[in-house]
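Here is how the chains run, residue by residue.
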Amino acid sequence: MAAVWSITTQQARQKTDALLDYAIIDFKDTANGAVQAILDAKAQTLTRRFKTPDLADEASLSHWKESFGVDDVLIRRGIVREASPAERRDATLAFRTATEYFPPPHDDSYVEVSLSEKTLAKSYAAILGHFFDDWLVGEEGFFLCAEMPSGKLISNPRRHRNESSTLAGTGFVEPDSPPGDETFTQELFGETTYCRMFDYAGHRVLACVPESEFYTMRNVLVAVIGILVFLVLAGFSAFADRVSEQSRKLKEFYAAEFELARTIQTSALPAQLPLSDHFRLAAGMTSAREVGGDFYDFFALSETRWAFLVADVSGKGITAALYMMTAKTILKDALLAEHDVAAAVARTNRELCRNNPANMFVTVWVGVIDLATGRISCVNAGHNPPALIRANGETEFIRTRSGAILGFMEDAAFKPFDLHLSGGDKLFLYTDGVVEQFDTRNEAFGEDRLAEVLRSARGEDPATLNNVVRMAVSAFAAGASVADDITVMTFAFDAPVIMPVSRRFATKMDSIPLAAKFLEETVGKASGPEVAVVLDEIASNIVRHSKGTYFELSIMVSHDSKRLVFRDDGIAFDPLSIPAPDVHAPLQERKIGGLGIMMVRHLTRSIKYSRENGENVLTIEF
Amino acid sequence: MQIDKSLADGRLTLKISGRLDTTTAPDLDAEIPKDGISAILFDFSALEYISSAGLRVLLTAQKQMAACGGEMKISGVNAMVKGILDMTGCSDIFSIV
């Protein structure tokens with residue numbers, strides 16, 4: 001065994017050098033690529049927004065400069081010289097523009113988006129912190145990025161997360177002479193570590209491999225996979241476009257990956273609409289490009305409590321999709337486990353914070369409705385305000401907020417609030433893709449238009465209402481690109497549930513008026529005499545013929561149906577087996593037998609008999 | 001159920017309010033003398049509904065009248081009661097006015 005593990009120092013050094021070389025190239029490619037990909041995407045968006053160079057006037061250019069947080073947006077003509085990968089890698093702060101040509105016939109013009117050094121330094125700071133926090137060099141190696149000159153660490157290996165917040169605290173000692181491209185050793189976190197050091201965008205970066213690292217080609221694979229994950233993470237094909245043949249293959253690979261991810265994501269959303277006498281619900285999601293982070297869900301917590309929610313994960317691409325699936329699962333589990341909706345959201349937030357290497361976050365609006373009362377316990381964690389559409393047409397946005405977005409602050413608390421729905425009221429949930437859809441003049445669809453559409457279509461069923469909104473948004477966009485996922489959900493409350501109530505009666509004539517009274521108390525007189533007649537017929541049959549000791553009556557009422565269930569412990573007897581009497585017989589031959597059950601058949605929607613556990617069970621629906 | 005009863009010259013008038021069902025039908029039956037009656041008029045204008053137990057009383061009374069050559073009439077029938085009389089074929093037998 002010892003022989004197997006005994007690698008000569010020379011070999012280890014060579015492999016360590018190679019590994020660190022790779023890691024540094026990855027680091028620079030990724031950091032530059034991330035900034036570039038974001039800039040590229042902005043340039044791309046602008047050519048889609050403007051459509052032609054003529055539409056890009058001064059005002060809209062300065063508008064986009066501001067909203068994209070870039071330092072310049074220009075329209076130029078001619079040919080752009082592409083930077084080579086090596087130029088890009090080494091350019092660091094100098095590489096700061098992105099260009100995108102307009103589509104034909106305007107393809108002699110392009111949009112150029114650029115960042116100043118100052119803005120760029122900020123972008124790099126964000127990226128270095130985000131991407132290299134838990135980036136592996138080999139299997140055990142890591143990056144340390146420190147702001148200079150403060151030496152404050154902005155990325156830190158996971159297993160040493162809480163050991164130090166500064167470079168000096170890791171055990172790092174400034175080398176006597178600048179190491180240049182040479183590998184040198186340091187005692188970091190109490191372990192001998194091979195390091196390479198370089199300065200990058202105002203940061204001191206150390207690529208580190210601890211001596212204990214087991215060197216294999218897997219290291220290289222891990223590094224390469226790191227790049228691939230990044231490409232997806234950035235979510236923009238622009239980056240891959242530029243890096244020649246190999247990238248094209250990668251792009252094809254990821255096109256398939258995206259397709260797969262989209263399928264997984266779509267299949268994660270509930271497809272079957274709930275069937276209920278008390279509410280109707282419809283929801284749908286349209287992905288803008290590739291895979292988005294929107295999701296929705298609805299499920300029963302009990303016979304009378306339903307949860308429904310709409311959420312939006314920051315970002316696009318496979319990372320957003322995977323995080324969306326995680327968030328959806330955690331949220332559902334929490335809602336099923338916790339009785340209190342705010343506790344469920346707080347628990348979800350904690351779990352999302354604990355495992356959030358990519359710093360994703362989620363906004364969510366979740367409601368749990370009690371179908372018996374119409375009361376909804378709600379939590380709004382940074383999500384768009386839903387619209388409450390009353391039966392009389394009054395429409396308002398529910399702006400109450402409960403707390404911050406999820407995945408951000410582990411100890412965040414969420415303050416729940418209540419809404420009360422009556423029969424005929426609707427609640428419309430959506431994601432920002434609806435209100436933030438722009439038209440070709442860069443005007444947003446907005447809440448006012450949404451409210452107007454909802455008011456005019458308030459009488460429609462939920463699925464139609466959703467479609468009316470989607471069509472209105474799409475008509476509004478009128479050819480402008482669809483920027484974000486669009487998710488809509490309509491919850492229509494029809495009528496409260498009346499829980500089934502049961503009572504047991506002794507098998508004797510005196511019980512029949514008691515059962516009639518019980519029915520009247522439960523259903524109310526307004527329900528019509530049919531139900532009372534049916535009760536009289538069935539109960540009197542049981543009392544006269546069953547020879548049992550009790551009968552039990554269960555009553556369940558919804559807004560458009562009633563159900564009576566009779567159970568008795570008498571002799572097995574199916575009243576439906578009684579032949580219908582001859583209702584045209586002369587008076588003297590008329591029999592009463594069978595008349596009652598015939599009336600029951602006529603007065604009800606359905607009637608079923610079964611024998612269960614020694615009981616006759618007669619189920620009657622009106 | 002409430003029964004308003006009047007008897008004059010062998011003509012019995014019964015105004016029934018409320019429900020004529022298993023519980024109340026025996027009370028109605030008890031109000032109808034088994035002889036000495038030549039005509040029965042049921043006033044159903046305040047009757048909410050009738051079950052088969054009520055029909056039994058009506059059929060028995062009809063048979064009684066048929067046997068003695070008397071007559072029986074039913075007035076003020078609401079839609080629910082009419083529906084049941086029609087459904088059970090009783091409309092063909094009873095004289096509904």
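Conventions we followed
- Here the residue index of a chain counts from 1 through its sequence in written order.
- Chains carry letters from A onward and ligands carry numbers from 1 onward, assigned in written order.
- In keeping with the predicted nature of the model, local features appear solely for residues at pLDDT of at least 70, side-chain atom pairs appear and are counted solely at 80 or more, and the whole-chain, interface and lining totals rest on all residues.
- Side-chain figures throughout are based on the complete set of non-hydrogen atoms in the structure, without hydrogens or water.
- Under the DSSP-based scheme used, a helix requires at least four consecutive residues in state H or I and a strand at least two consecutive residues in state E, with every element numbered from the N terminus.
- Exposure classes here rest on a 1.4 Å probe applied to the protein chains alone. A residue is buried below 20% of its type maximum, exposed above 50%, and partly exposed in between.
- Contacts are residue-level and defined by heavy atoms, with any inter-residue pair within 4.5 Å sufficient.
- Values of pLDDT, ranging from 0 to 100, describe the predictor's confidence in every residue of the model.
- The criterion for strand pairing is that DSSP finds at least two bridges linking the strands in question.
- An axis is simply a line fitted to the C-alpha atoms; with a helix, the fit covers only the stretch in contact. Between two such axes, the angle follows the N-to-C directions and lies from 0 to 180 degrees.
- Each Phe, Tyr or Trp ring (for Trp, its six-membered ring) is paired with any other whose centre lies within 6.5 Å, and the angle between the two planes then decides the class: stacked below 30 degrees, edge-to-face above 60, tilted in between.
- Placement of a charge over a ring requires the Lys NZ or Arg CZ to be within 6 Å of the ring centre, with the centre-to-atom vector within 35 degrees of the ring normal.
- Two parts placed together each lose some accessible area under a 1.4 Å probe, and adding up what both lose gives the buried area.
- We call two N or O atoms a polar contact when they sit within 3.5 Å, provided that within protein one can donate a hydrogen and the other can accept it, with sequence-adjacent residues counted only if both atoms are side-chain atoms.
- Throughout this entry, Asp, Glu, Lys and Arg are counted as charged residues, while Ala, Val, Leu, Ile, Met, Phe, Trp, Tyr, Cys and Pro are counted as nonpolar. The remaining residues, Gly among them, count as polar.
- When a carboxyl oxygen of Asp or Glu lies within 4 Å of a side-chain nitrogen of Lys or Arg, that pair is called a salt bridge.

**What to know about the overall build of chain A**
- Across its full length, chain A holds 16 helices and 24 strands.
- Across the 622 residues of chain A, 51% fall into the buried class.
- Of the contacts formed within chain A by residues at least 6 apart in sequence, a portion of 66% connects residues at least 24 apart.

**A few points about the confidence of the model for chain A**
- On average, residues of chain A carry a pLDDT of 80, and 80% of them reach 70 or more.
- Residue range residues 1-8 of chain A is modelled with pLDDT below 50. Its contacts to residues more than four positions away, or to other chains, number two contacts.

**Some remarks on the sheet that holds strand S17 (residues 417-420) of chain A**
Residues and elements named next belong to chain A.
- Taken together, the five strands give an open sheet; going across it, the order is S11-S12-S13-S14-S17, and neighbouring strands pair in antiparallel fashion. The sheet is open, and its two edges are formed by strand S11 (294-300) and S17, each paired on a single side. Direction aside, the axes of adjacent strands within the sheet are offset by 20° on average.
- Where S11 lies against strand S12 (residues 305-313), seven bridges are found, and the strand directions are antiparallel.

**Quick notes on the packing of aromatic side chains**
All names here are of chain A.
- With the rule as written, the count across this model stands at 13 aromatic pairs over all chains.
- Between Trp-365 and Phe-417 the ring centres are 6.4 Å apart and the planes differ by 75°, which places this aromatic pair in the edge-to-face class. Remark: Phe-417 occurs in strand S17 and Trp-365 occurs in strand S13 (residues 362-370); sequence separation between them is 52 residues.
- Relative accessible area serves as the criterion here: at 0%, Trp-365 is assigned to the buried category.
- Since its relative accessible area comes to 11%, Phe-417 is described here as buried.
- Following the ring pairs from residue to residue traces out a cluster consisting of Phe-279, Trp-306, Phe-308 and Phe-491.
- Just above the ring of Tyr-550 sits the side chain of Arg-504; from NZ or CZ to the centre is 3.8 Å.

**Quick notes on the interface of chain A and chain B**
- Chain A puts 26 residues into the contact, and the matching count from chain B is 23 residues.
- With both chains or domains summed, chain A and chain B bury close to 2,100 Å², and 67% of this area falls on carbon and sulfur atoms.
- On the surface where chain A and chain B come into contact, there are five residue pairs in polar contact (both at pLDDT 80 or more).
- Secondary-structure elements contributing two or more residues to the side of chain A that touches chain B are helix H14 (511-523), helix H15 (529-545) and helix H16 (595-603) of chain A.
- For the side of chain A that touches chain B, the element with the highest residue contribution is H15(A), accounting for eight residues.
- Split by residue class, the side of chain A that touches chain B holds 14 nonpolar, five polar and seven charged.

**Side note on the pattern of salt bridges**
- In the structure shown here, the tally under the stated rule is 26 salt bridges over all chains.
- Among the salt bridges present, the one from Arg504(A) reaches Glu552(A), with a minimum N-O distance of 3.6 Å. Within this pair, whereas Arg504(A) is found in strand S20 (residues 498-506), its partner Glu552(A) is found in strand S21 (residues 550-557), the two being separated by 48 residues in sequence.
- Take Glu552(A): its relative accessible area is 19%, and that puts it in the buried class.
- One salt bridge in this structure joins Lys34(B) and Asp29(B), with 3.4 Å as the shortest N-O distance.
- Judged by its relative accessible area of 28%, Asp29(B) falls in the partly exposed class.
- One connected set of salt bridges, linked through shared partners, spans Glu174(A), Asp199(A) and Arg204(A).

**A few points about the confidence of the model for chain B**
- For chain B, per-residue confidence averages 91 on the pLDDT scale, and 100% of positions sit at 70 or higher.
- Note on the complex model: pTM 0.44, ipTM 0.86.

**Some thoughts on the environment of Phe493(A)**
- Here Phe493(A) shows up in strand S19 (residues 486-493).
- Leave out the neighbours within four places in its chain, and Phe493(A) touches His278(A), Phe279(A), Ile369(A), Leu371(A), Gly374(A), Leu421(A), Ser422(A), Gly423(A), Gly424(A) and Asp425(A).

**Some thoughts on the environment of Gly76(B)**
All names here are of chain B.
- Mapped onto the secondary structure, Gly-76 falls in the loop between strand S5 (71-75) and helix H3 (79-87).
- Taking the C-alpha atoms as reference points, Gly-76 and Val-97, 21 residues apart in sequence, are found 7.4 Å from one another.
- Ignoring sequence-local partners within four residues, the contact set of Gly-76 consists of Phe-44, Ser-45 and Val-97.

**Topic: the sheet that holds strand S2 (residues 97-101) of chain A**
Residue and element names in this part refer to chain A.
- Strand order in the open sheet made by the three strands is S1-S3-S2, with antiparallel pairing throughout. The open sheet has two free edges, formed respectively by strand S1 (72-77) and S2, since each of these has just one partner strand. Within the sheet, the average angular offset between the axes of one strand and its neighbour, ignoring direction, is 25°.
- Note that S2 and strand S3 (residues 109-114) share five bridges and pair antiparallel. Looking at the pairing, Tyr-101 lines up with Tyr-110 of S3.

**Remarks on the pairing of strand S7 (residues 184-188) of chain A**
Residues and elements named next belong to chain A.
- Every second residue of S7 is oriented toward a common face, the buried set being Phe-184, Gln-186 and Leu-188 and the non-buried set Thr-185 and Glu-187.
- Pairing of S7 with strand S8 (residues 191-200), which is carried by five bridges, proceeds in the antiparallel orientation. Looking across to S8, one finds that Phe-184 is bridged to Cys-195.
- Remark: two residues form the turn of the hairpin made by S7 and S8, two consecutive strands paired antiparallel; Phe-189 in that turn has positive phi of roughly 50°.

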